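Survey of secondary and tertiary structure
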Amino acid sequence: MRSCAWADGANTGLGFPVDFTVQVSADDDAWTSVAGRKDCLRSAVSAQSFAFPAVDVRYVRVIGTKLRIDPHGNHHMQLAEIETVGGNLAVNRPVRSSSSLESAGWRRAAATDGVLNSALGYSMGWTSAKSPTATANEWLAVDLQSADVISQVQLVPRTDGANTGLGFPVDFTVQVSADNAAWTTVASRTGRPRPGAAGQTFTFTPATARYVRIVATRLSPDQFGDYYLLLGEVTVS
C-alpha cells in the first residue's frame, strides 16, 4: 500500500499520522492488521510505501492512533491519496471470449475464479469451442472493472494429470486496453511448447489498463487431436 501526504508547499506532510496501522477485510466486518508504524516522521512529497504479503481482500483502511499537530495547535489525520497495489486483479472479474464450451467444469467464469488447479466437474478453467485446424483465432478478455497499473499476466494451464498443459496456445499475444477498443500488445510468443503444471508468467513494461486479452493465432491439440485454446486460470498483477 502507498499513501501520499498533502503536498502544498510549507504544509507538505502535515497531518501524516505518527502512529497508524493498515488493515484489510473481505467483508467490512472482520479486519486484519497487515502493516503498522510508530513514530513515523513527517512525510515529504513522495508517497510512503508499506509492504505486506499479498492477500485477496475487498476493503483497506488506515487507522491513525497518534496524530501530528499542525501550526495552529490542532491535530488532524490528512492523506492526499491512498493506493493499493499488487495481488491478482483478475479474481472474479468478468470474462468475454471468442467462443466457449460451457460444460463439465469448463466455463468463462472459471478462468478468473482463483482456482489454480483443475478440478473436474467443478472448475477446470476456460476452453474455446473446437477448431478443425491449429490456425484458428481464439481469444479471452478480462475486464478488471477499473483502470490499474499492471505489468504481469500469468496463464495457468490445465492441470488434470496426464492432460496437463494440453490446449495451451502455441502462438499468442497478450494485449491491454483502457477502453476495450484500442488494444496494445505487451507480450507475444511463438512456438511455445506444451507447459507443465506451473503458471506461465509474462512480464512487460507497466501499463495503465482496464482490459487484458489473450489472443491465440496457433492452437495445440488436446488428447483427442482436436484444437482448442485451454486456460486453467488467468491472473493479472
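So, here's what we can say about the structure. (Residues numbered from 1 in each chain as written. Predicted model: local features only at pLDDT ≥ 70, side-chain atom pairs only at ≥ 80, totals over all residues. Heavy atoms only, no water.)

**Digging into the overall build of the protein chain**
Inclusion rule: Helix and strand definitions follow DSSP, with helices as H or I runs of at least four residues and strands as E runs of at least two, each counted in order from the N terminus. Reported accessibility uses the Shrake-Rupley method at a 1.4 Å probe radius. Residues are deemed covered only where the shown protein chains occlude them. His is not counted, nor are the chain ends, whereas Lys and Arg count as positive and Asp and Glu as negative. By convention, charge coordinates are those of NZ in Lys, CZ in Arg, CG in Asp, or CD in Glu.
Scanning the protein chain from terminus to terminus reveals zero helices and 18 strands. Principal-axis analysis of the C-alpha atoms places the extent of the protein chain at approximately 75 × 35 × 25 Å. About 11900 Å² of surface is accessible on the protein chain, with carbon and sulfur atoms providing 50% of the total. Positive and negative charge centroids in the protein chain, built from 20 and 21 side chains respectively, lie 3 Å apart.

**Details of the pattern of salt bridges**
Where side chains of opposite charge bring their charged atoms close, a pairing between them can arise. Let me state the cut-off plainly: Salt-bridge detection follows one rule: a side-chain nitrogen of Lys or Arg within 4 Å of a carboxyl oxygen of Asp or Glu.
Per the stated rule, a full pass over the model turns up three salt bridges. With a closest N to O distance of 2.7 Å, Arg210 and Asp143 form a salt bridge. Taken together, the residues span a long stretch of sequence, with Arg210 in strand 14 (residues 200-218) and Asp143 in strand 11 (residues 138-156) at a distance of 67 residues.

**Here's the deal with the sheet that holds strand 3 (residues 32-37)**
The condition that has to hold: Only strands joined by at least two bridges in the DSSP assignment are considered to pair. All axes are obtained by fitting lines to C-alpha atoms, using only the stretch in contact for helices, and the reported angles, taken between N-to-C directions, cover 0 to 180 degrees.
The three strands lie next to each other as 3-2-5, forming an open sheet whose pairing is antiparallel. Each edge of the sheet is formed by a strand with only one pairing partner; in this case those strands are strand 3 and strand 5 (59-66). The average undirected angle you get between the axes of adjacent strands in this sheet is 20°. Two elements, strand 2 (residues 19-25) and strand 5, share seven bridges in a ladder whose sense is antiparallel.

**Considerations on the packing of aromatic side chains**
What counts here: Within 6.5 Å between ring centres, the rings of Phe, Tyr and Trp (the latter by its six-membered ring) count as paired, and their orientation is classed by plane angle as stacked under 30 degrees, edge-to-face over 60, tilted in between. Relative accessibility thresholds used throughout: buried, under 20% of the residue-type maximum; exposed, over 50%; partly exposed, between the two (1.4 Å probe, protein chains only). Either the NZ atom of lysine or the CZ atom of arginine qualifies as a charge over a ring when it sits within 6 Å of the ring centre and within 35 degrees of the ring normal.
Taken as a whole and assessed by the stated rule, the structure comprises four aromatic pairs. On the numbers, 6.1 Å between centres and 85° between planes, the contact of Phe16 with Phe20 is edge-to-face. With relative accessibility at 1%, the residue Phe16 sits in the buried group. Members of the aromatic cluster, connected to one another through ring pairs, are Phe168, Phe172 and Phe202. Above the plane of the ring of Trp31 lies Arg61, whose end atom (NZ or CZ) is 4.0 Å from the centre. Just above the ring of Trp183 sits the side chain of Arg213; from NZ or CZ to the centre is 4.0 Å.

**Observations concerning the environment of Ser220**
Convention followed: The criterion used for residue contact is that any of the two residues' heavy atoms lie within 4.5 Å. Here a polar contact is recorded for every N or O atom pair within 3.5 Å, except that within protein the pair must consist of a potential hydrogen donor and a potential acceptor, and residues adjacent in sequence are included only if both atoms are side-chain atoms.
Here Ser220 is to be found in strand 15 (residues 220-221). Note on Ser220: relative accessible area 12%, which makes it buried. Every residue in contact with Ser220, bar those within four places of it in the chain, is listed here: Gly167, Phe168, Val170, Asp226, Tyr227 and Tyr228. Among the polar contacts listed, one links the side chain of Ser220 to the backbone nitrogen of Gly167, at a separation of 3.3 Å. One polar contact links the side chain of Ser220 to the main-chain carbonyl oxygen of Phe168, over a distance of 2.7 Å.

**Re the nonpolar core**
For the record, the criterion: What we call a nonpolar core is a set of buried Ala, Val, Leu, Ile, Met, Phe, Trp, Tyr and Cys residues that are connected through their side-chain atoms within 4.5 Å.
Residues Leu155 and Val234 are the most contacted members of the largest nonpolar core, which totals 28 residues. Elements represented by at least two residues in this core include exactly strand 11, strand 12 (171-177), strand 14 and strand 18 (233-236). A per-element tally of this core places strand 14 first, with seven residues. Non-local contacts of Val234, meaning those with residues more than four positions away in its chain, are made with Asn88, Ala90, Ala111, Thr112, Leu140, Val142, Val153, Gln154, Leu155 and Ile214.

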